[in-house]
Every structure is written in C-alpha cells, then in structure tokens.
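Listed here are the chains, written in short residue letters.
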Amino acid sequence: MSSSTAAAEGRTQEGQNAVGEVVKIWIKRARRGPMDAVEQATLIAGEGIDGDANRGRTWRQVTLIEDELWQQVAEELGPQVNPVQRRANLLIRGITLQNTRHRILALGETARLEIRGETRPCNLMEETLSGLQAALDPDWRGGAYARVLSGGVLRLGDAVRWEG
C-alpha cells in the first residue's frame, strides 16, 4: 500500500463525520480555456456551475481535488506546480474523496453533490507540466467528478461534509 493510500484511508476512517472547507473555486469559461479563480460560484441542480464550460453535462458537472493530496503532488514535482494546473473546479481540505462513488457531499448552506467517480488525469495534465499526469494517477489524486443534486451559492471557506 502506498503512503498516500494509507494517508487517505487514515483520514477516511478518522474523519467519517469530519467537516472540511472549500479552499479554492475555479470556473472554466471555455473548453481548454484558462481556469478563473473566483471567491464564490453558483451551483445549479442538474447542470453544474453557472458560467462554467462544462455546465449541462450529465455526470461530470463539477470536479474536485483534495488539498492534502495536492500537497503530496507539489512535494514530488516542486514549487512550480500549482493546483490550477489540475483544472478542477473545487479544491477542498479536510475531506477524503477516494472510493466515495455515489456518496453525497454537502457544501455550504444548500449545495449537495453526488460523487460519480474518480477523475483520471489526462494528457492535458502532461501538456501543462511534465510529470503531472503520472503524479496524479494513483489513489484518486486527480480528484473526483460529481453531479449537482441541489444548488446554491458556494463561497471560499464554506463547510464541506459527507451526508449519512
């Protein structure tokens, strides 16, 4: 078992009722376009993030990565790596995403996401930074994708927690 797998399992077992937080929010205005950092975003049930190029997709409406796993990637690849290079919508801290398919994640006051699966790193990661695709490959380091069950305004610092 890799150290990141052990760390993720430890966080999962210790943190079943943990409350995490939203650290960063990004909106992609165009496919393959830049990721714009924002302080808040509106999640729309069944659609995704208002203004995001992926809005309206059936299952992959929002993508998330864990700050703790991102820090491991940064330790491996060096200071030039930035979480915006992963091209996810949300960077969260204090919540483990690994092996959470079909679980419901509550964010802020009203938003709820159903985790649909692991986001597998693609060749765009390698184009962004040499070694990034391989570094994101193990243990759900590339994050998760979700669909929006109930919407609402999401802000930096909002609480993130598992339902049930």
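Residues numbered from 1 in each chain as written. Predicted model: local features only at pLDDT ≥ 70, side-chain atom pairs only at ≥ 80, totals over all residues. Heavy atoms only, no water.

As a further point, take the sheet that holds strand S10 (residues 152-155). In a beta sheet, neighbouring strands are held together by backbone hydrogen bonds and run either parallel or antiparallel to one another. With antiparallel pairing, the 3 strands of this open sheet are ordered in space as S4-S3-S10. The open sheet has two edge strands, strand S4 (48-49) and S10, and neither has a second partner. Bridge count between strand S3 (residues 40-44) and S4: 2 bridges; the pairing is antiparallel. By the bridge assignment for S4, Leu43 is matched with Ile49. (Pairing = 2+ DSSP bridges. Helix = DSSP H or I, 4+ residues; strand = E, 2+ residues; numbered from the N terminus.)

What follows covers the packing of aromatic side chains. For the structure shown, the criterion picks out 0 aromatic pairs. Note that Arg60 overlies the ring of Tyr145, its terminal NZ or CZ placed 4.1 Å from the centroid. (Phe/Tyr/Trp six-rings, centres within 6.5 Å; stacked < 30°, edge-to-face > 60°. Lys NZ or Arg CZ within 6 Å of the ring centre and 35° of its normal.)

What follows covers the pattern of salt bridges. This structure, assessed with the given rule, holds 11 salt bridges. Between Glu21 and Arg93 there is a salt bridge whose closest N-O contact spans 3.0 Å. In this pair, Glu21 sits in strand S1 (residues 19-28) while Arg93 sits in strand S6 (residues 90-93), placing the two residues 72 residues apart along the sequence. Of the residues examined, Glu21 reaches a relative accessible area of 29% and is grouped as partly exposed. For Asp50, the salt bridge goes to Arg55, with nearest N and O atoms at 2.9 Å. Of the residues examined, Arg55 reaches a relative accessible area of 35% and is grouped as partly exposed. Linked through salt bridges whose partners overlap, the residues forming this network are Glu21, Asp67 and Arg93. (Salt bridge = Lys/Arg side-chain N within 4 Å of Asp/Glu carboxyl O. Buried < 20%, exposed > 50% of the residue type's maximum accessible area, 1.4 Å probe, protein only.)

What follows concerns the nonpolar core. In terms of nonpolar packing, the biggest core is built from 25 residues, with Leu64, Leu90, Leu105, Leu107, Leu113 and Ile115 touching the most fellow members. Mapped onto this core, the elements with two or more residues apiece are S1, S3, strand S5 (62-66), S6, strand S7 (104-107), strand S8 (111-118), strand S9 (144-150) and strand S11 (159-162). In contact with Leu113, not counting residues within four places along its chain, are Leu43, Val62, Leu64, Leu90, Arg103, Ile104, Leu105, Leu107, Ala146, Arg147, Val148 and Leu149. Core analysis: the next-biggest nonpolar cluster, separate from the first, contains 16 residues, Trp26, Leu129, Leu132 and Leu136 among them. (Core = buried A, V, L, I, M, F, W, Y, C linked by side-chain atoms within 4.5 Å. Contact = heavy atoms within 4.5 Å.)

Within the element layout of this structure, Arg87 appears in the loop between helix H2 (67-77) and S6. The exposure class assigned to Arg87 is buried, which follows from its relative accessible area of 16%. The residues touching Arg87, leaving out its near neighbours within four places in the chain, are Lys28, Arg32, Gly33, Pro34, Met35, Thr63, Leu124 and Met125.

Now for the side chain of Lys28. On the secondary structure map, Lys28 appears in strand S1. Buried charge Lys28 goes without a salt bridge, the closest partner of opposite sign being Asp52 at 5.5 Å. For Lys28, the residues in contact, after removing those within four places along its chain, are Gly33, Pro34, Met35, Gly51, Asp52, Ala53, Asn54 and Arg87. (Lys, Arg positive; Asp, Glu negative; His and termini not counted.)

Side-chain alternation along S7 places Ile104 and Ala106 on one buried face and Leu105 and Leu107 on a second face that is also buried. Here 4 bridges tie S7 to S8, and the two strands are oriented antiparallel to one another. Within the sheet, the bridge partner assigned to Ala106 lies in S8 and is Arg112. Hairpin connection, S7 to S8: the antiparallel pair is bridged by 3 residues, and Gly108 has positive phi, about 65 degrees. Of the pairings in the sheet, the one linking S7 to S11 comprises 3 bridges and is antiparallel in character. Within S11, the position partnered with Ala106 by the bridge is Arg161.

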